[in-house]
Amino acid sequence: MGAVYALIALGYTMVYGILELINFAHGEIFMMGSFFGLLFWWILEMTGLSKVIPIPLAIFLMFVFSMIATAFLGALLEFIAYRPLRSVTNRLIPLISALGASIFLQNFAMLTFGSTNRVYPAIFPDFGWNLFHARISLIQIFIFVTCILMMIGLTLLVHKTKLGRSMRAVSQDYVTASLMGIRVNRIITITFMIGSSLAAAAGVMYGMYYGVAKFDMGYLAGLKAFTAAVLGGIGNIPGAMLGGFCLGIIESFGAGYISSEYKDMFAFLMLLFILLLRPSGLLGQQVPDKV
Amino acid sequence: MMDIRFRRRVKAAARRWNNMDMRLKWGILLVIACVYPFLASSQYYVHIMNLAFIYIVLSLGLNIVCGLAGLLDLGFIAFYAVGAYTYAILSIKLGLSFWEILPIACVTTALFGLLVGSAAFRLRGDYFAIVTMGYGEIIRILANNLTFLTNGPIGIIGIPRPNAFGFKFEDPSQYYFLALAFVALAIFLTYRFQASRIGRALEAIREDEIAAVSMGVNLKNFKLISFIIGAMLGGSIGVFFASYATFVSPESFSFMESVMVLAMVVIGGMGTIEGPVIGALILVLLPEALRSVSDYRMLIFGALMVFMMIVMPKGFMGWIKPRRILRTAEEENPLVNRDF
Amino acid sequence: MLIEISNVTKQFGGLIAVNDVSMDVHEGEIVSVIGPNGAGKTTLFNCVTGVYTPEKGKILYKKDGVVRDIVGVPAYKIAYLGISRTFQNIRLFKNMTVLENVLVGRHPKLRAKIWEILLTLPAFVAEEKKGVRLARNLLEFVGLLDREAEISTSLPYGLQRKLEIARALASEPKILLLDEPAAGMNPSETEELISLIKKIREMGVTIILIEHDMSLVMKLSERIFVLDFGQKIAEGSPMEIRNNPKVIEAYLGKEEAEIA
Ligand SMILES: Nc1ncnc2c1ncn2[C@@H]1O[C@H](COP(=O)(O)OP(=O)(O)OP(=O)(O)O)[C@@H](O)[C@H]1O
Ligand SMILES: [Mg+2]
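Residues numbered from 1 in each chain as written. Chains lettered and ligands numbered in written order. Predicted model: local features only at pLDDT ≥ 70, side-chain atom pairs only at ≥ 80, totals over all residues. Heavy atoms only, no water.

### Observations concerning the interface of chain C and chain B
How big an interface is tends to be reported as the loss of accessible area on association of its parts.
Step number 1: Tallying the contact residues gives 39 residues for chain C and 39 residues for chain B.
Step number 2: In total, about 3,700 Å² of surface goes out of reach between chain C and chain B, with carbon and sulfur atoms giving 64% of it.
Step number 3: Taken together, the connections running from chain C to chain B amount to four salt bridges.
Step number 4: With its nearest N and O atoms 2.9 Å apart, the salt bridge here joins C:Glu128 to B:Arg200.
Step number 5: In terms of residue count, the dominant contributor to the side of chain C that touches chain B is helix α5 (residues 122–142) of chain C (seven residues).
Step number 6: By residue class, the composition of the side of chain C that touches chain B is 22 nonpolar, five polar and 12 charged. (Contact = heavy atoms within 4.5 Å. Buried area = accessible area lost by both parts, 1.4 Å probe. Salt bridge = Lys/Arg side-chain N within 4 Å of Asp/Glu carboxyl O. Helix = DSSP H or I, 4+ residues; strand = E, 2+ residues; numbered from the N terminus. Nonpolar A, V, L, I, M, F, W, Y, C, P; charged D, E, K, R; others polar.)

Structure, rendered in structure tokens:
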């Protein structure tokens, strides 16, 4: 699960890195991503294609469909709820707008997909290996590998391409970046799209893993991913990955040794503890105020 | 286009309000509030207003932390929870009365505010926000799991109702004036603090920490003060809530509740008194008004929230000028040029 | 000696912003600190006001006949000790009015307790009245009285600097540190500023001034300290500084015309 948190956390961190904005609706983006994946599966089933195409291809297409659809949703969200507020200095304003968007999306999902658990197709063959005491299933390996691949992809994108360079420039200082001829709006839209599609992938994997999607699943997952992002130092891409994995590990250990009821609390306590020791997160650096 | 005209109208109204005499305007509001339960056609409307009053006090409490001191607190509802559970537990297990528990709950929440505040005040901006979110969640999870005290997710039922002078509070209209008293107290408190060195120091912190420190403002102490005052307001109305609902469960204190209170403050207009009041009224009454479209009401509500922020980022009461100087002091040497 | 800075060093990572700087200021003096951009002048002020804690050195400050080292004293306490400042990059409280800004500056002198405030006891009322009266006097003094109800940042730049001075004076300080008060002012505003600073000194306030405008520095200062790359390269009367070859060199002839 750590890997999934990491993927969602990346979306928070990327947006934060550029706009210094907590995208509160990101958890809902993740939820929508999960539903888009499901929607695609339903389409396959209805058209009978699910019997025809091989399973790996179906899974692949499910990811692609959900990621693309969610990317557009993310861009739309940015366009409607954030862009008009970019000049506002009070940081709480976009936050409230984000909350509004998140309430909207949640209710939208509830109205369209219903308020109960929606069953995710059990496409994955259910087998696994026993390793020491833990059972590792195929789907766990699949999730882990996919997440790692995506993170490698993102890292390459940010560090090796022109687009990545522009993104980093915008996150340093977007006024200067726009003076240097970078089309800031476009970069921001693309950032939202990338972050959203990663969340969509996470949503699909989450659905496959737990076998269900629900309209309010974005809330807790979003909260935890946000925690992960802060844990690693928000705005910092490797930090988000580290934070996600840490949170996953902490949680499963916490649940294993203490009690599963306190699992959620354990994650938060850990967060408080780390922040009190390192007020800018694990990998964040402290920037002193210049007077 | 429409929104610009709307904005202008709101601005003009705010200016008129600014220029009105303090006592007159609050007096009028008080009179309206007092006659409301007698005009309301059913107990249900009084009940809704009681809920609105609860949220007014909550948002005024959060306004001190968030609007004045500029600290983004995402776990404010925890204070409310602590107050509510304090009442529920002490009244049932120890049989204490409402009036005995109220001060106890104030002290408990204040201590809790002090604890949270002294852990978090060093953190900046969003880190502060997430720590507050963390403690809010921790309180909720504790309420869920400390079953021997809180009865877990089921919650505590059959909480006794308060008495006053041999009179027992039963139906909403009887509670109404108690709630109104809380509201009046919260407004008065905010007003006094804001127009004093404490409020000015808090707002200075919000505007510029370094300049504030250089003016002699002890950041730690004043942030803690804001936390404690906010916590006490939240905690005392929590006591009221528990006695009114006669039922508490962790569900009432979710993260979403914190967020709603925050939204009330921001939509109304942070750092003013009128803002949180209006914000709470809107966010409580609007979903009620949208009841006819029940399925879609939260959908519309969410969309309206986005819309509000885009059209009026300062909130409804953004143009109200808060009074930061004691009236008698400011008017001692009145100036000709009053408009701004 | 009112304040004595001795061998103060402040580093940022590898950069030594202030390097072993010493200076002393007598009561009632106006002294200036000059130097090229990045010389460490503002950093020196930040060390004195407790915003930064220097790694090395002492800052001895005499108050009521007692001398104490104020290195490590938290910034807010420094204000209570009677050291007040303005900022190079204006730091007014943005959403507050002109008068309210000055009243925040009065903070160290306001003592009302919470219950006095809540119960509106006479002690609180009297203190507020006195504060407002004093704040208005200060606004009149800097020429801002008719604009007291405006939002501070709606003032033009030059007036914002004057408001910063009024705010700093509201705590009735012994020492006033002015960081480039004339920056962004036109010549006539600068002239007004010069007479204003003189009047402040007549009120018994000792002034330490950072300024790039040499004519202002030369007209006002009794003594000048010159910093370059964090080090003090010269000190003396305006006359001595004007003719000091090191100083001329530090400014790379840029301001030679004005100095010579
Ligand atoms: N908080 C900080 N972190 C890192 N470096 C800093 C910090 N504050 C100042 N510096 C550096 O210290 C050096 C001295 O800066 P300072 O602001 O004191 O110069 P100054 O003499 O006031 O210059 P100016 O005339 O431009 O105001 C500069 O190189 C600056 O970049
Ligand atoms: Mg400087």
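Resuming the write-up.
### Here's the deal with a positive patch on the surface
Step number 1: On the surface, a cluster of positive charge is made up of A:Lys160, A:Lys162, A:Arg165, A:Arg168, A:Arg183 and A:Arg186.
Step number 2: Within the secondary structure layout, A:Lys160 lies in helix α6 (residues 138–160). (Patch = residues over 30% accessible without salt bridge, like charges linked within 9 Å, V, L, I, M, F, W, Y side chains within 5 Å. Areas by Shrake-Rupley, 256 points an atom, 1.4 Å probe, with all protein chains shown as cover. Lys, Arg positive; Asp, Glu negative; His and termini not counted. Charge placed at Lys NZ, Arg CZ, Asp CG, Glu CD.)

### Comments concerning the site of ligand 1
Residues and elements named next belong to chain C.
Step number 1: In the neighbourhood of ligand 1, 16 residues make up the surrounding shell, with Gly38, Lys41, Thr42, Thr43 and Gln88 lying closest.
Step number 2: In this structure, an oxygen atom belonging to ligand 1 sits 3.1 Å away from a main-chain N or O atom of Ala39.
Step number 3: Interatomic distance of 2.6 Å between a side-chain N/O atom of Thr42 and an oxygen atom of ligand 1.
Step number 4: Contact with the protein chains covers 78% of the free accessible surface of ligand 1, which is 630 Å².
Step number 5: Broken down by secondary-structure element, the contributors of at least two residues to the shell around ligand 1 are β2 (15–25) and α1 (41–48). (Near = heavy atom within 4 Å. Polar contact = N/O pair within 3.5 Å; in protein donor to acceptor, adjacent residues only side chain to side chain.)

### What about the sheet that holds strand β1 (residues 3–12) of chain C?
Residue and element names in this part refer to chain C.
Step number 1: In spatial order, the strands read β2-β1-β4-β5; together these four strands make up an open sheet with antiparallel pairing. With partners counted over all chains shown, the strands left at the sheet margins are β2 and β5 (66–69), one partner each. Looking at each pair of strands side by side, their axes are set apart by 20° on average, direction ignored.
Step number 2: Sheet topology places strand β4 (residues 56–63) next to β5; four bridges connect them, and they run antiparallel. Following the sheet pairing, Leu60 is matched in β5 by Asp69.
Step number 3: Together, β1, β2 and β4 form the strand contacts of α1, whose direction differs from that of β1 by roughly 115°. (Pairing = 2+ DSSP bridges. Axes fitted to C-alpha atoms, helices over the stretch in contact; angles between N-to-C directions.)

### Points about the coordination of the magnesium ion (ligand 2)
Residues and elements named next belong to chain C.
Step number 1: Bound to the magnesium ion (ligand 2) are the protein donor atoms Thr42 (OG1) and Gln88 (OE1), situated 1.8 to 2.0 Å from the metal. You can see Thr42 sitting in helix α1 and its partner Gln88 sitting in the loop between β6 (83–85) and α3 (98–105), a full 46 residues away along the chain.
Step number 2: Accessibility expressed as a relative area gives 14% for Thr42, which makes it buried.
Step number 3: With a relative accessible area of 28%, Gln88 lands in the partly exposed category. (Donors = N, O, S within 2.8 Å, 3.2 Å for Na, K, Ca; no water. Buried < 20%, exposed > 50% of the residue type's maximum accessible area, 1.4 Å probe, protein only.)

### Side note on the confidence of the model for chain B
Step number 1: Model confidence for chain B is summarised by a mean pLDDT of 86, while 95% of its residues fall at 70 or above.
Step number 2: With pLDDT under 50 throughout, residues 335–340 of chain B is counted as low confidence; its partners more than four residues away or in other chains account for 15 contacts. (pLDDT = per-residue confidence, 0-100.)

### Quick notes on the pairing of strand β7 (residues 175–179) of chain C
Residues and elements named next belong to chain C.
Step number 1: Where burial is concerned, most of β7 is hidden: five out of the five residues are buried.
Step number 2: Residues Ile175, Leu177 and Asp179 line one face of β7 and the alternating positions Leu176 and Leu178 line the opposite face, and both faces are buried.
Step number 3: Bridge count for β6 against β7 is three bridges, and the pairing is parallel. In the strand pairing of β7, Ser84 is matched with Leu176.
Step number 4: Sheet topology note: the β7/strand β8 (residues 206–210) ladder contains five bridges and is parallel.

### Thoughts on a nonpolar patch on the surface
Step number 1: On the surface, a nonpolar cluster with roughly 540 Å² of combined accessible area is contributed by A:Ile141, A:Phe144, A:Val145, A:Leu149, A:Ile152 and A:Leu156.
Step number 2: Here A:Phe144 is to be found in helix α6.

### Focus: the pairing of β8(C)
Strand residues, when the strand is regular, have side chains that alternate between the two faces of the sheet.
All names here are of chain C.
Step number 1: Judged by how many residues are buried, β8 sits mostly within the fold: five of five residues are covered.
Step number 2: Residues Thr206, Ile208 and Ile210 of β8 are buried on one face, and the alternating residues Ile207 and Leu209, pointing to the opposite face, are buried as well.
Step number 3: Note: strand β3 (residues 30–34) against β8, four bridges, orientation parallel. By the bridge assignment, Ile30 is partnered in β8 with Ile207.

### Examining the environment of C:Tyr80
Step number 1: Relative to the helices and strands, C:Tyr80 is located in helix α2 (residues 75–80).
Step number 2: For C:Tyr80, a relative accessible area of 31% translates into the label partly exposed.
Step number 3: Look past the residues within four positions of C:Tyr80 in its chain and what remains in contact with it is B:Gly216, C:Lys63, C:His107, C:Pro108 and C:Arg111.

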